[in-house]
Structure formats: C-alpha cells, structure tokens
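In case you want the letters, here they are:
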Amino acid sequence: MQVFGFILLAVFWGIGGRLERVTSHGDQPLSRIAIHKAVFALNDHAYIKASPLILGLNGQNSEWLTLEFTTPNPSIDDWIGVFSPANFSASTCNAENPRVSPPLLCTAPIKYQYANYTSPKYSETGKGLLKFQLINQRSDFSFALFTGGLLTPKVIAVTNKVAFANPNAPVYPRLAQGKIWNEMTVTWTSGYGLDEAFPFVEWGPQGGEQKKHSPAGTLTFDRSTMCGAPARTVGWRDPGFIHTSFLEELWPNSVYTYKLGHKLFNGTYIWSQTYQFKSSPYPGQNSLQRVAIFGDMGKDEVDGSNEYNNYQRGSLNTTVQLIKDLKNIDIVFHIGDICYANGYLSQWDQFTSQVEPIASTVPYMIASGNHERDWPGTGSFYGNMDSGGECGVLAETMFYVPAENRAKFWYYTDYGMFRFCIADTEHDWREGTEQFNFIEHCLASVDRQKQPWLIFLAHRVLGYSSGSYYVDKGSFGEPMGRESLQKLWQKYKVDIAMYGHVHNYERTCPIYQSGGNHSRGELKKFGSLVEKWLAQILKINLCLYELSPKNICTNEEKRYYKGILNGTIHVVAGGGGASLSYFTPIQTKWSIFRDYNYGFVKLTAFDHSNLLFEYKKSRDGKVYDSFRISRDYRDILACTVDSCPSTTLAS
C-alpha cells in the first residue's frame, strides 16, 4: 500500500449525514400501471366526455382538449388513461401477446393523470375536468376513467374517439450531419407507407425561387423486431414509417429552407410546414461555432401527466432553454438515454415532438445509452434490461447518425474547427476491439492545424466521475474505461471528454495519467476490528481514499488555460432532465466543480486559438461554471507530461 496521499474520511450514515443508495434512472412511469390486472367494470352512472373530437384542423401537430367526467363512487386514486389506437380491448391484441383473454386490456396507455389533478373536490363530488395535450401519432385516441388505482385498475367509463384531421401527416423532422461535411439529413415520421405515397423533401437556399426535390428512404419495424417485454407486449405501438432524405452539395454556413412532402398515388401532395437550417461550415473553417451537449434528458408532458414521481422533471426546462438560445446554437449532441421510453414505444413520438423546435433547426446528434440498447443476450456489452426490450431498434431507426453500421453506434462528425468522436459505450470499447480501433482512427486522423478542438463523447463515464454509483464500485468511473482509453486521449491530446449516465454536472482539471492505469482500487475500504466496532457504534463508514500520484492535474488553473494543456478535461453532463444522481462526499483533487442540478454544456469556438466552455443550469439558462482555452498550434504539437516524440541528431 502506498504511503503517499492517504486521506482518512469518516462518512456519517445517520442523522444529517446518511448517503442514500439511490437508483439514478428511476422507473418508466407507465410501468407503474398493472395493466395485466385491468378489467372492464363499466358503470352506467359514470361517464367521461372529450372535446373537441377533431384536432389539427389548421394543420397543427399538437392540440389541447378538455375532458369532463363523473362517477358516483369517486376515490382519491381514480385516474384517466389516454389510449391510442382508440380500440384498446383484447380483440385488437396480437396473437403473440399472452393477454388475449380477460383482463381485457392488452396495451398500456400512452400517458395518464389522476382524476383530481385539477379538481381538488373530485373525491367529494365525483365530478372533474382535465386538460390534455395530444400530439399527432398516426392513430385515433380514446380516454378511460379507472378506479382501483394503478395496481388494480378497473375501467368504469370510456370516451368517444378523438382524432387528428390527418393522422398520417409528416411530422417531427430531425436534422443530422451526413457522412460528408456538405450534406444534411432530414428524418421524419408519417403514416404513409411506400404503397401509398412517395416521400421527399422540397428544399433550397433561403429566398431562392428554385427548389429541389430529394427523395427519402423509408424504414419501419414490427413487433417481432423487439427483443422482449414491454416493447414486445404492452408497450408495443405501431411506429408508422420513418423517412430519411439526404440534402447534398450544400454551400457552407448558408441558410436553407425545407418542407416535408408525400406525393399520393392519386397525384395529391401532402405537405408539412416550412422549416429552415444553416448548413455546416467547411472542416477547418474559421468562423463562430457553438455546440450544446448534454445527456439523459428524457421527455416530460406539458400537461403534467405521466410524471407523478418527478421522473424527468428537468427535461422541459432543458428543452425550453435550448429553444430560447437556439439562435446561438449551431449543433446539438444528446449523448445517450434519449427519451427513457424503456419499451413503451409511444414515448418516442412524444420525445420527437418535444424536441422538434430544436431538431428541425439544427443537427440533433445522438449517442447510444443503456436505456436505448441494453438487453440480455443481444450483443450489448452490459447484460441488463434497461432498454425495456427495444435493444437499440428505436434509436437506430428514429434518428440518423453517420455511422457505417447504425447497429454499431460509434461514429465521428466534423463541424468546422471541431472534430467529435462519439463512442458507443453499450458495445465493447476495450483495446483490440473493433470500436477501440475506430476510436483511435478518429482521434489520429484529424488535422489539428485545421481542427484544433478535439472532443470525445460517450454515454457512460469512461473517464472520471464522483457519482456515488461509481464510488461504490471503487472506480470513480466506468470499470475498465480508463484502462483502455486513457492512452488514446493522451497520445492524441484530446481536449475535452464528455459523458452522461450520471445525472449531475462535474468538471475535472486537465488530467494526465502517467506510468500505467489504475482506475480500480482508487477507493479502498479500510478498517481494523476496532474501526469496524466504531462504525457499528457510531454508524459511520470509514473509508481510505488513495490519491494516486499517477493521476496528475497538469494545471492548477481552473478558469483560464493558456498554452500547452498537457491533459484532458473530463466533464459529466448527465443532468439533461432525468432524476438527479448523488455525489460521494469524498473530495478528490481532480474534481474542481460539482453541481447537483439539471443543466447542459455549451462550447463556443471563436477561432483556431480560443475556446469557451460554459455550463448552464436548465432552470434559468444562466452560466454557473466556465473556463477558456487559449493556445496556438505549436502548443498542440508540444510534448506531453512524460513523453515526447522521437528526435534525431542527424542532419
């Protein structure tokens, strides 16, 4: 055991000091409903009425409606479920679904709310009103009034059907960078298959009269593509058709307008509204470039439904702040745990609707997280069930990324002076793997004279985190993460490595790890018989933290880094919206800023020599942490801490 750097910490587990073990990801709210126990018990004296019955008459893709309901036997745990398609009885169940006999519900609601949410006297009067916001999801809707709470639900009244004027309309465009710098992709969802219409995008320079038509490819999938429940059972919902068009040969930093189109076989055209975007700068182009980065945002409902346990309450705030600042954002990276559908497929439509103002205007690049990909026996690196049976299919289909194979969700993209290398932490990244080779190629192939800002992005924390989840494992980061990748970050002088997964914000000093890798064993339980006895008596947990001399903060500065950086700054930006994660009380030298709050990161490259990093809280959009990097090209070429390129005295 090394003598250097031992710090004995007493972490109190009692009044005022207990660090609770909390799952940082929560449960999908719809999973709280025991839908397999639901039965019909229609009551002639109960009713529920919705109005209006036709939505989107003026082309809207979302609209509010009002529910009026009453029951002779009200209860505080009565609730209303929103179902789509409107016919949700067992007669519509797929034969594979085992729930083909009573109970007569075979699908979960797309969202729900308690009957007394806006009617506090409901439990006395049995009368109430509720407002829901519905989005166009390619089918009709109905509403059911339940008694018996979430665990023993009984349907006592059902509404008439509600529908959008055109449920098949093209909706929720998502922009993404193509595989080359002057290409933009547009992905959207509709109810039109290739046997009904030809999908395309009409686009051209802003203000120009001549427009191009670019055809779109069409994808979909069926229930058999899902890997398990609930995605394959009660969470299944027809995804419609997902179309992607490639807009090519764009002029750099130019504004284009576009709209989604479907030409029906009878010659009729169906159009979306008109959108606009700015094309990417040429790689290396010296211009103002601004990037927003966050992870684990999820979705939330503006009508207050679905989220009674504060599952992703920060999500709307983050979305609102990004929309407010959208004129000052050029590209967005959502680094994993996208919408937390967890097998309830309707949530993907709701998420794409929520981010439409952002994703329709700037490229919305995503990374794969555990809640998109992980499922046992399907090739994911982790054998858990976090995807709810989706096993990557939804993320790989609903969003485009410029990967060679979207089932292997690693890729790189250039944006002006930036090179972004995006890893897929749900597949093996260790040395010798296909992904490791990709990461090295991505880092090695960039021309730092033209693209000085080299950024590594991943979902799980492959670098450093003080999240209690990791500290409990004794690793301060994903086990096995730094063993393989630290050498690459250092060899290729990565400026910033950024992660999600842990739902908070943390920034490290510039770190250089010399003389080997030791990500495990950095936190060691320590205790003699006497100390164990004291721990029982005083209810404290004595820990010995070893500050390894191999993890070097190469710069004591916290706000302004000038000249040679000599290390990689690691950032956790997982506070996009999902339930927050606790920090360990252990203080490490390399952790220089922590925030238990919702927020996102913004990078601004002013030129090849000056970069601004900002952390903004989602509640108000204000900056709470920042630093600047100022350097020249020769600073990137300079030696690192303990290694220099080979030289010779030959002339």
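Preceding this section is the structure that the text describes.
Scoring rules and cut-offs
Residues numbered from 1 in each chain as written. Predicted model: local features only at pLDDT ≥ 70, side-chain atom pairs only at ≥ 80, totals over all residues. Heavy atoms only, no water. Helix = DSSP H or I, 4+ residues; strand = E, 2+ residues; numbered from the N terminus. Buried < 20%, exposed > 50% of the residue type's maximum accessible area, 1.4 Å probe, protein only. Contact = heavy atoms within 4.5 Å. Areas by Shrake-Rupley, 256 points an atom, 1.4 Å probe, with all protein chains shown as cover. Pairing = 2+ DSSP bridges. Axes fitted to C-alpha atoms, helices over the stretch in contact; angles between N-to-C directions. Parallel < 35°, antiparallel > 145°, perpendicular 65-115°, else oblique. Salt bridge = Lys/Arg side-chain N within 4 Å of Asp/Glu carboxyl O. 1 Å grid on protein atoms, 1.4 Å probe; cavity = no way out; pocket = protein on both sides within 12 Å on 5 of 7 lines; lining within 4 Å. Points joined across faces, edges and corners; volume = space filled by probe spheres on them. Nonpolar A, V, L, I, M, F, W, Y, C, P; charged D, E, K, R; others polar. Patch = residues over 30% accessible without salt bridge, like charges linked within 9 Å, V, L, I, M, F, W, Y side chains within 5 Å.

**Examining the overall build of the chain**
Here comes step 1: Of the regular secondary structure elements, the chain holds 11 helices and 35 strands.
Here comes step 2: Relative to its 651 residues, the chain shows a buried fraction of 59%.
Here comes step 3: Restricting the contact set of the chain to residue pairs at least 6 apart, pairs at least 24 apart contribute 74%.
Here comes step 4: Total accessible area on the chain is roughly 25,800 Å²; 53% of this is exposed by carbon and sulfur atoms.

**Details of the pairing of strand β19 (residues 289–294)**
Here comes step 1: β19 sits mainly inside the fold: six of its six residues count as buried.
Here comes step 2: Here β19 shows no split at all, with Gln289, Val291 and Ile293 on one side and Arg290, Ala292 and Phe294 on the other all buried.
Here comes step 3: Across five bridges, β19 lies against strand β33 (residues 599–605) in antiparallel orientation. If you follow Ala292 over to β33, its bridge partner there is Lys602.
Here comes step 4: The pairing of β19 with strand β20 (residues 331–335) spans four bridges and is parallel. Bridging from a neighbouring strand, Phe294 pairs with His334 of β20.

**Quick notes on the packing of helix α7 (residues 434–444) against helix α9 (residues 481–491)**
Here comes step 1: Across the interface, α7 lies against α9 with an axial gap of 10 Å and an inter-helix angle of 10°. Our classification of the angle between α7 and α9 gives roughly parallel. Counted together, Phe436, Ile439, Glu440 and Leu443 of α7 and Ser484, Leu485, Leu488 and Lys491 of α9 form the full contact between these two elements.

**Some points on the side chain of Asn61**
Here comes step 1: Inspection of the secondary structure assignment puts Asn61 in the loop between β4 (54–55) and β5 (62–70).
Here comes step 2: If we skip the residues at most four places from it in the chain, Asn61 touches Leu134, Ile135, Asn136, Phe164, Val171 and Tyr172.

**What to know about helix α3 (residues 346–354)**
Here comes step 1: Of all nine residues making up α3, nine are buried, and the element is well covered by its neighbours.
Here comes step 2: When we look at burial in α3, the residues that qualify are Ser346, Gln347, Trp348, Asp349, Gln350, Phe351, Thr352, Ser353 and Gln354.

**Here we look at the pattern of salt bridges**
Here comes step 1: Under the criterion given, the structure shown has 26 salt bridges.
Here comes step 2: In this structure, the salt-bridge partner of Arg138 is Asp349, at a minimum N-O distance of 2.9 Å. Of this pair, Arg138 sits in the loop between β8 (127–135) and β9 (142–147) while Asp349 sits in helix α3, placing them 211 residues apart in sequence. For the pair shown, Arg138 and Asp349 are each scored as buried.
Here comes step 3: Across the pair Lys491 and Glu440 runs a salt bridge whose closest N-O atoms are separated by 3.6 Å. Linking Lys491 in helix α9 with Glu440 in helix α7, this pair joins segments that are 51 residues apart in sequence.
Here comes step 4: When its relative accessible area of 54% is taken as the criterion, Lys491 is described as exposed.
Here comes step 5: Within this structure, Lys111, Lys299, Glu301 and Asp303 form a network of salt bridges that share partners.

**Side note on empty space enclosed by the protein**
Here comes step 1: For the structure on display, the rule yields three cavities of 30 Å³ or more.
Here comes step 2: Around the largest cavity, the lining comprises 20 residues; the ones closest to its centre are Lys493, Leu565, Asn566, Gly567 and Thr640.
Here comes step 3: Elements represented by at least two residues in the lining of the largest cavity include exactly α9, β26 (505–513) and α11 (633–637).
Here comes step 4: For the lining of the largest cavity, the class distribution of residues is nine nonpolar, six polar and five charged.
Here comes step 5: By volume, the second largest cavity amounts to about 60 Å³.

**Overview of a nonpolar patch on the surface**
Here comes step 1: A surface patch of nonpolar side chains, amounting to about 280 Å² of accessible area, comprises Leu53, Ile54 and Leu57.
Here comes step 2: Positionally, Leu57 belongs in the loop between β4 and β5.

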